[in-house]
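As a plain string of letters, each chain reads:
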Amino acid sequence: GSVSVSVLGLGMMGSALASALLDAGHRVTVWNRTFARTGPLADRGAVAVRTAAEAVAASELVILCLLDNGNVREVLDSLGEEAAGRTLVNLTNGTPRQARDLAVRAAGRGARYLDGGIMAVPQMIAGPAAYVFYSGDEKAFGEYESALAAFGGAQFVGADAGFAALYDIALLTGMYGMVVGVLQAFALARTENIPATEVAGPLTDWVGAMLTGARPWAEAIDSGEHLTDVSSLAVNHAAVPNFVETFRDQGLDPAFFEQLQKLLERGIERGHGADGLSRLADLLKK
Ligand code: NDP
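The rules behind the values
- Residues take numbers from 1 onward in each chain, read along the sequence in its written order.
- Only residues with pLDDT of 70 or above have their local features reported here, since the model is predicted, and side-chain atom pairs are shown and tallied only from 80 upward, although totals for entire chains, interfaces and linings are computed over all residues.
- Here a helix means four or more residues in a row that DSSP labels H or I, a strand means two or more in a row labelled E, and each is numbered from the N terminus.
- A residue is called partly exposed when the number of other C-beta atoms within 10 Å of its own lies between 12 and 20, exposed at 12 or fewer, and buried at 20 or more, with C-beta atoms placed from the backbone.
- For the purpose of contact definition, each residue receives a C-beta atom placed from its backbone, and two residues are in contact when these atoms lie within 7 Å.
- Residue ranges labeled as domains rest on an automatic or database domain assignment.
- One requirement defines pairing of two strands: DSSP has to find at least two bridges between them.
- In this description, a line fitted to the C-alpha atoms serves as the axis of each element, helices being fitted only across the stretch in contact, and the angle between N-to-C directions of two axes falls anywhere from 0 to 180 degrees.
- UniProt positions are given in the numbering used here, feature names are shortened, and annotations may be inferred rather than shown by experiment.
- Nearness between a residue and a molecule or strand is assessed with a C-beta atom placed from the backbone; a distance within 6 Å qualifies.
- Amino acid classes used here: Ala, Val, Leu, Ile, Met, Phe, Trp, Tyr, Cys and Pro are nonpolar; Asp, Glu, Lys and Arg are charged; the rest, including Gly, are polar.
- As used throughout, a nonpolar core is a set of buried Ala, Val, Leu, Ile, Met, Phe, Trp, Tyr and Cys residues joined through C-beta atoms within 7 Å of each other.
- It is the directions from the helix axis to the C-beta atoms that the arc portrays.

Digging into the overall build of the protein chain
Next up, step 1: For the protein chain, the count of helices and strands is 12 helices and eight strands.
Next up, step 2: Taken across its 286 residues, the protein chain has 35% of its residues classed as buried.
Next up, step 3: Long-range pairs, those at least 24 residues apart, make up 62% of the contacts in the protein chain with a sequence separation of at least 6.

As structure tokens, this is what we get:
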């Protein structure tokens, strides 16, 4: 059924979320610090209000999508009684600790709290590949799951409000690792004027093939059994100096591989030379 939903924050992402809610037939109220940004949504039938408090008062379900959680805290602190009985769904990017803190603050105002991590860019919202991790108040999630489905998939990952941010950061950590690796491969090719486009094809295939290792690594990490028939820490430890040397010789910063070599050394010092690369996950622990 149709739900009344307020969206606070109409940047690129917040606007896409509000738009998806309108498309799904919900009654939408919008607020943005810079009021002019409410125009396009008001034209499509959203009610634009001048203060965050009015927006929270208007709807049972309140979506927040601001630049950072400092902004979310400011908005929460600016409220009076309006938040009581509301369900706040914070889709602002942040840390697990921030999410837990906001959950406590929301509870202090009599509101239920869900935190979310959006796995999509604004253009993907409401499309088949978009989904959002949610954590926090499980009952509230159950009640509003069908409304939240306007954004795409909705995956609940735990009653601990910090878990959505943890999943979000974990997935983006994998992405950034890939980005850093791929861009360094291109940089290396360019040191000899090899077009990056010539490397792109084989690189895409190779990184894709290697990613099939993620599941067996995950099983090794969960079980603590890191023995390998692929390549051991000792074999990698012998090879990585070639990467450091190549990067230096080609005039590039080898910091990434120096870091990897440090981890490999730690593993060998601790007697894990025969283990597979999955062992490195343990060795990150401080
Ligand atoms: P934008 O920069 O487009 O929008 C930022 C929003 O935050 C605007 O509505 C802005 O208001 C508001 N804002 C900034 N500072 C304050 C403040 N002090 N008080 C009140 N409102 C404030 O960012 P996005 O919409 O792209 O991103 C929003 C959130 O969504 C971020 O946390 C981002 O990490 C997350 N996200 C974004 C994705 C993307 O691809 N864009 C993907 C996944 C998550 P104003 O218009 O007045 O400046």
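Overview of the domain arrangement of the protein chain
Next up, step 1: By the assigned domains, the protein chain splits into domain 1 (4–159) and domain 2 (167–283).
Next up, step 2: The centre of domain 1, based on its C-alpha atoms, is set 38 Å off from the matching centre of domain 2.

Let's talk about the sheet that holds strand 1 (residues 4–8)
Next up, step 1: Pairing is mixed in the open sheet, where eight strands are placed in the order 3-2-1-4-5-6-7-8. On the outer flanks of this sheet lie strand 3 (47–48) and strand 8 (153–158), each paired with one strand and no other.
Next up, step 2: As paired strands, strand 4 (residues 61–64) and strand 5 (residues 87–90) are joined by four bridges and run parallel to one another. Bridge assignment links Leu64 to a residue of strand 5, and that residue is Asn90.
Next up, step 3: Lying over the sheet, helix 5 (residues 96–108) contacts strand 5, strand 6 (112–119) and strand 7 (131–136), oriented at roughly 150° with respect to strand 6.
Next up, step 4: Packed onto the sheet, helix 6 (residues 138–148) meets strand 1, strand 4, strand 5, strand 6, strand 7 and strand 8 and runs at close to 170° relative to strand 8.

Description of the UniProt feature "domain: 6-phosphogluconate dehydrogenase NADP-binding" (unreviewed entry) in the protein chain
Next up, step 1: Following the UniProt record, one finds the feature "domain: 6-phosphogluconate dehydrogenase NADP-binding" (unreviewed entry) at residues 5–154.
Next up, step 2: Within the segment residues 5–154, helix and strand shares are 38% and 23% respectively, and the terminal C-alpha atoms sit 17 Å apart.

Considerations on the site of the ligand
Next up, step 1: Around the ligand sit 21 residues in total, of which Gly11, Met13, Arg33, Thr34 and Asn93 are the nearest.
Next up, step 2: Breaking the shell around the ligand down by element, the ones donating at least two residues are helix 1 (12–23) and helix 4 (69–77).
Next up, step 3: Per-element accounting of the shell around the ligand gives the leading share, three residues, to helix 1.
Next up, step 4: Class assignment of the residues belonging to the shell around the ligand gives a composition of nine nonpolar, eight polar and four charged.

Some details on unusual backbone geometry
Next up, step 1: If you check the backbone angles, Ala126 has positive phi at about 80° while not being a glycine.
Next up, step 2: Summarising the element assignment, Ala126 is placed in the loop between strand 6 and strand 7.
Next up, step 3: A residue is classified by how many C-beta atoms lie within 10 Å of it, and Ala126, with 18 of them, is partly exposed.
Next up, step 4: Backbone geometry at Asn193 places phi at a positive 60°, although glycine is not the residue there.
Next up, step 5: Structurally, Asn193 is set in the loop between helix 7 (163–190) and helix 8 (196–211).

Focus: the nonpolar core
Next up, step 1: If you look at the biggest cluster of nonpolar residues, it comprises 58 residues, and the most contacted ones within it are Val7, Leu8, Leu17, Ala18, Val30, Ile63 and Leu64.
Next up, step 2: With six residues, the single largest contributor to this core is helix 1.
Next up, step 3: Excluding anything up to four places from it in sequence, Ala18 contacts Val7, Leu10, Val28, Val30, Leu41 and Ala46.

Some points on helix 6
Next up, step 1: Among all positions in helix 6, only Phe141, Tyr144, Ala147 and Leu148 are buried. Projection of helix 6 onto a plane perpendicular to its axis shows the buried side chains occupying an angular sector of 110°, all on one side. Along helix 6, the residues that are exposed and aim more than 90 degrees away from the buried face are Lys139, Gly142, Glu145 and Ser146.
Next up, step 2: In this structure, the buried side of helix 6 is in contact with strand 1, strand 4, strand 5, strand 6, strand 7 and strand 8.

Thoughts on the UniProt feature "domain: NADPH-dependent reductive aminase-like C-terminal" (unreviewed entry) in the protein chain
Next up, step 1: Following the UniProt record, one finds the feature "domain: NADPH-dependent reductive aminase-like C-terminal" (unreviewed entry) at residues 160–286.
Next up, step 2: Note that residues 160–286 is 71% helix and 0% strand, and that its end C-alpha atoms are spaced 23 Å apart.

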